[in-house]
Amino acid sequence: MPDELLERIDEFSEDHGYTGRSEVFREAARTLLGEFEDRKLEDRELLGVVTALFNYETASVEERTMHLRHEHEGLVASNFHSHVGDAFCTELFVPEGQLDEVSAFVGKIRATKDTLTVDYSVTPVDGFEPTFEGA
């Protein structure tokens, strides 16, 4: 693990009252493992939003995310690239599919070397009742 990341974890631990790295890693692991374990989402059609942030100078991240977008073209309904400030880029993906498919896609984005952060949310899109009748 890079020294810079370990320093950030140590600082986070101290700032937030953790007893040390191990406690931070345990909580992070529980959170990560629990993200897609919501049984209420299984066997449902989901709409997701996945954002990945990376340094502008690291063009290989953009290339790898493009390959993942094509590899999962049946899942990714849309994606959007944007520049953020002077040093960063973000890729926003909109996957539509089952929990296991969305989870696998998010995992691959997270595993992309040099990606700085990955955030996501999912929402079930089946079973909605119209709230009003259109004119």
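Residues numbered from 1 in each chain as written. Predicted model: local features only at pLDDT ≥ 70, side-chain atom pairs only at ≥ 80, totals over all residues. Heavy atoms only, no water.

Side note on the packing of aromatic side chains
Move 1: For the coordinates displayed, the defined rule picks out two aromatic pairs.
Move 2: Summarising the aromatic geometry, the rings of Phe 93 and Phe 105 are spaced 5.3 Å apart at their centres and angled 80 degrees between planes, so their arrangement reads as edge-to-face. With Phe 93 in strand E3 (residues 88-97) and Phe 105 in helix H4 (residues 99-110), this pair connects stretches of sequence that are 12 residues apart.
Move 3: Among the residues examined, Phe 105 registers a relative accessible area of 0% and is labelled buried. (Phe/Tyr/Trp six-rings, centres within 6.5 Å; stacked < 30°, edge-to-face > 60°. Helix = DSSP H or I, 4+ residues; strand = E, 2+ residues; numbered from the N terminus. Buried < 20%, exposed > 50% of the residue type's maximum accessible area, 1.4 Å probe, protein only.)

Things to note about helix H1 (residues 3-15)
Move 1: An ideal rise of 1.5 Å per residue puts 18 Å on 13 residues; H1 measures up with 18 Å between its terminal C-alpha atoms.
Move 2: Of the positions making up H1, those classed as buried are Leu 6, Ile 9 and Ser 13. Buried residues of H1, viewed axially, fall in a sector of 60 degrees; they line one side. Turned more than 90 degrees away from the buried face of H1 sit Glu 4, Glu 7, Arg 8, Glu 11, Glu 14 and Asp 15, all of them exposed.
Move 3: Downstream of H1 by a residue or two, Gly 17 has a phi angle that is positive, lying close to 80 degrees. (Expected span 1.5 Å × (residues − 1). Arc of directions from axis to C-beta.)

So, the sheet that holds E3
Strand pairing in a sheet is mediated by backbone hydrogen bonds. Such pairs are either parallel or antiparallel.
Move 1: On the basis of which strands lie adjacent, the open sheet formed by four strands has the order E2-E3-E1-E4 and antiparallel pairing. Single-partner strands in this sheet number two, and they are strand E2 (76-84) and strand E4 (115-124). Strand after strand, the sheet turns through a mean of 15 degrees between neighbouring axes, direction not considered.
Move 2: As defined by bridge partners, strand E1 (residues 46-55) adjoins E3 across eight bridges and the pair is classed as antiparallel. Note on E3: the bridge partner recorded for Leu 46 is Gly 97. (Pairing = 2+ DSSP bridges. Axes fitted to C-alpha atoms, helices over the stretch in contact; angles between N-to-C directions.)

A few points about the side chain of Thr 115
Move 1: Following the sequence through the fold, Thr 115 ends up in strand E4.
Move 2: A residue is classified by how much of its surface remains accessible, and Thr 115, at 17% relative accessible area, is buried.
Move 3: Separated by 3.0 Å, the side chain of Thr 115 and the backbone oxygen of Thr 112 make a polar contact.
Move 4: When residues no more than four places from it in sequence are discounted, the contact partners of Thr 115 are Ala 52, Leu 53, Phe 54, Val 61 and Ile 109. (Polar contact = N/O pair within 3.5 Å; in protein donor to acceptor, adjacent residues only side chain to side chain. Contact = heavy atoms within 4.5 Å.)

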